[in-house]
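What follows is each chain in one-letter form.
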Amino acid sequence: MNLLNLFRHPKNLVDLTPDDLEARLADPDTIIIDVRTPGEFQSGHIQGAIPIPLGRESIIATRWPQNTPLIFICKTGHRSQAAAATAFKLGYTNISHLQGGMDRWKREGKPMTH
């Protein structure tokens, strides 16, 4: 993985606030992918999020068609940008991420599950 991707915002990546993401949780077609480590995921995550640690994005191509809406989540928003860059390279086009990551989600008092 290119570490520069952690700090580069992919051109077509849509930034979501916690409120934006919360509004999209009810959409059954949207896939929420948490790219944090397994330990981070177990410490608390968004209901329905699927754990796929950063660096394992190729799994996405085996599970969902390229037109699937994807939302990436990490701790601060950097790893989710890197995962999104990889998903764009895999041919996905409808990609968002939680700006500020789980840190922001928690600060804004949004619900988590363990």
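Please read these numbers as outputs of a predicted model, since none were measured by experiment.

Draft legend 1. Summary view of the overall build of the protein. Summing up its helical and strand segments, the protein has 5 helices and 5 strands in all. Secondary structure elements of the protein, listed N to C terminal, follow the sequence β-α-β-α-β-α-β-α-β-α. Against the compact-globule benchmark of 13 Å for 114 residues, the protein has a radius of gyration of 13 Å, which places it among compact chains. Overall, the protein is about 35 × 30 × 25 Å in size when its C-alpha atoms are taken along their principal axes. Expressed as a percentage of the 114 residues in the protein, the buried residues total 42%. Partitioning the contacts of the protein with sequence separation of at least 6, the portion at a separation of at least 24 is 71%. Here the protein has roughly 5,900 Å² of accessible surface; of this, 52% comes from carbon and sulfur atoms. In the protein, the 13 positive side-chain charges and the 11 negative ones have mean positions that sit 7 Å from each other.

Draft legend 2. Just the environment of Glu57, in detail. Position of Glu57 among the secondary structure elements: in the loop between strand E3 (50-51) and helix H3 (58-63). Using a relative accessible area of 6% as the deciding quantity, one classes Glu57 as buried. Reaching out from Glu57, the side chain makes a polar contact with the backbone nitrogen of Gly55 at a distance of 2.6 Å.

Draft legend 3. Representation of the nonpolar core in the model. Core analysis: the largest hydrophobic core is formed by 15 residues, its most contacted members being Ile33, Ile60, Trp64, Leu70, Phe72, Tyr92 and Ile95. Elements supplying a minimum of two residues to this core: strand E2 (31-34), strand E4 (70-73) and helix H4 (78-89). It is H4 that contributes the most residues to this core, 3 residues altogether. Discounting residues that sit within four places of it in the chain, Ile95 has contacts with Asn12, Leu13, Val14, Leu70, Phe72, Ala84, Ala87 and Phe88. Formed by 11 residues, the second largest nonpolar core is a distinct cluster that contains Leu16, Ala49, Ile73 and Trp105.

Draft legend 4. Local environment of the pattern of salt bridges. Scanning all chains against the criterion turns up 6 salt bridges. For Asp34, the salt bridge identified is with Arg36, shortest N-O distance 2.8 Å. Judged by its relative accessible area of 0%, Asp34 falls in the buried class. Here Glu40 ties to Arg79 by a salt bridge, and the two come within 2.9 Å at their closest N and O atoms. Here Arg79 lies in helix H4 and Glu40 lies in helix H2 (residues 38-42), a separation of 39 residues in the sequence. Bridged by salt links that share partners, the residues Asp19, Glu22 and Lys110 form one connected network.

Definitions and cut-offs
Residues numbered from 1 in each chain as written. Predicted model: local features only at pLDDT ≥ 70, side-chain atom pairs only at ≥ 80, totals over all residues. Heavy atoms only, no water. Helix = DSSP H or I, 4+ residues; strand = E, 2+ residues; numbered from the N terminus. Rg over C-alpha atoms; globule rule 2.2 N^0.38 Å. Buried < 20%, exposed > 50% of the residue type's maximum accessible area, 1.4 Å probe, protein only. Contact = heavy atoms within 4.5 Å. Areas by Shrake-Rupley, 256 points an atom, 1.4 Å probe, with all protein chains shown as cover. Lys, Arg positive; Asp, Glu negative; His and termini not counted. Charge placed at Lys NZ, Arg CZ, Asp CG, Glu CD. Polar contact = N/O pair within 3.5 Å; in protein donor to acceptor, adjacent residues only side chain to side chain. Core = buried A, V, L, I, M, F, W, Y, C linked by side-chain atoms within 4.5 Å. Salt bridge = Lys/Arg side-chain N within 4 Å of Asp/Glu carboxyl O.

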